[in-house]
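Tertiary structure, described
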Amino acid sequence: MKYYPLAAENQVFCSIFSRNILTNIYMMVILTIDSDPSEVISLETDEKKTAVVFKAFCDENRIRILKLLKDGEKCACRLLEEMQITQPTLSHHMKILCDSGVVVGRKEGKWTHYSISTTGAAYAVQCLKELTTIETLHEEKPCCEE
């Protein structure tokens, strides 16, 4: 599986729900590793990347921006007009979207033109599939002993 490069400084989970899911997955995997430090570091990095991707979808303004970008590339000035927000607010949201890899920016003069990254979007879909795919166990064990 290919991973889209993401900024390492964004380590904040987007909600308590995703924090709990990722923490539980992390703990379940750690218990099966036999304490190989290189595997632990790799898993931790992967979870941070996943958290950065999901953070991009955890705000109403960022969802609105993504909907506007579905029609194709848009200049920041057009996004400002349609969103009716301040430039610093737009800049904040665009940084989060770009750090996630879901959106890419292209400078043209003093303005930046933004579009949805097909690679970043595919990575986000893959993350969601991996986290929500139910794995069947070959041997069913009762959860409670009577």
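As shown above, the structure is provided for reference.
Residues numbered from 1 in each chain as written. Predicted model: local features only at pLDDT ≥ 70, side-chain atom pairs only at ≥ 80, totals over all residues. Heavy atoms only, no water.

1. A few points about the sheet that holds strand 1 (residues 74–75)
- Pairing in this open sheet of three strands is antiparallel, and the strands run 1-3-2 from one edge to the other. Looking along the sheet, the strands with just one partner apiece sit at the ends: strand 1 and strand 2 (103–108).
- Where strand 2 meets strand 3 (residues 111–116), six bridges bridge the pair, whose relative direction is antiparallel. For Val 104, the partnering residue across the bridge sits in strand 3 and is Ser 115.
- Contacts from helix 3 (residues 60–69) reach strand 1, strand 2 and strand 3 within the one sheet, and its direction differs from that of strand 3 by about 85°. (Pairing = 2+ DSSP bridges. Helix = DSSP H or I, 4+ residues; strand = E, 2+ residues; numbered from the N terminus. Contact = heavy atoms within 4.5 Å. Axes fitted to C-alpha atoms, helices over the stretch in contact; angles between N-to-C directions.)

2. Let's talk about the nonpolar core
- Ranked by size, the top nonpolar core spans 21 residues in total, and within it Ile 65, Leu 79, Leu 90, Met 94, Leu 97, Val 103 and Tyr 114 carry the most contacts.
- Other than its neighbours up to four places away in sequence, Leu 79 contacts Leu 68, Leu 69, Lys 74, Leu 90, Met 94 and Tyr 114. (Core = buried A, V, L, I, M, F, W, Y, C linked by side-chain atoms within 4.5 Å. Buried < 20%, exposed > 50% of the residue type's maximum accessible area, 1.4 Å probe, protein only.)

3. What to know about the environment of Ala 76
- Mapped onto the secondary structure, Ala 76 falls in helix 4 (residues 76–83).
- Taking relative accessible area as the criterion, Ala 76 reaches 10% and is therefore assigned buried.
- Residues Ala 76 and His 113, spaced 37 residues apart in sequence, show a C-alpha to C-alpha distance of 6.0 Å.
- Excluding its chain neighbours within four sequence positions, the residues that come into contact with Ala 76 are Leu 90, Trp 111, Thr 112 and Tyr 114.

4. Some thoughts on the pattern of salt bridges
- Enumeration according to the criterion identifies four salt bridges in this entry.
- The partner of Arg 106 in a salt bridge is Glu 108, with the nearest N and O atoms 2.8 Å apart.
- Given a relative accessible area of 35%, Arg 106 falls into the partly exposed group.
- Among the residues examined, Glu 108 registers a relative accessible area of 44% and is labelled partly exposed. (Salt bridge = Lys/Arg side-chain N within 4 Å of Asp/Glu carboxyl O.)

5. Regarding helix 3
- The complete set of buried residues in helix 3 reads Arg 62, Ile 65, Leu 66, Leu 68 and Leu 69. The buried residues of helix 3 all sit within an arc of 160° when viewed along its axis, so they share a single face. The exposed residues of helix 3 that point more than 90 degrees off its buried face are Glu 60 and Lys 67. (Arc of directions from axis to C-beta.)

6. Quick look at the packing of helix 3 against helix 4
- Packing of helix 3 against helix 4 leaves a shortest axis separation of 11 Å and a crossing angle of 120°. Comparing the axis directions of helix 3 and helix 4 gives the class oblique. For the crossing formed where helix 3 meets helix 4, the hand is right-handed. Each of Asn 61, Arg 64, Ile 65, Leu 68 and Leu 69 in helix 3 lies in contact with helix 4, whose residues at this interface are Leu 79, Glu 82 and Met 83.
- When grouped by side-chain class, the residues that make up the contact of helix 3 with helix 4 number five nonpolar, one polar and two charged. (Parallel < 35°, antiparallel > 145°, perpendicular 65-115°, else oblique. Left-handed = near helix turned anticlockwise from the far one by under 90°. Nonpolar A, V, L, I, M, F, W, Y, C, P; charged D, E, K, R; others polar.)

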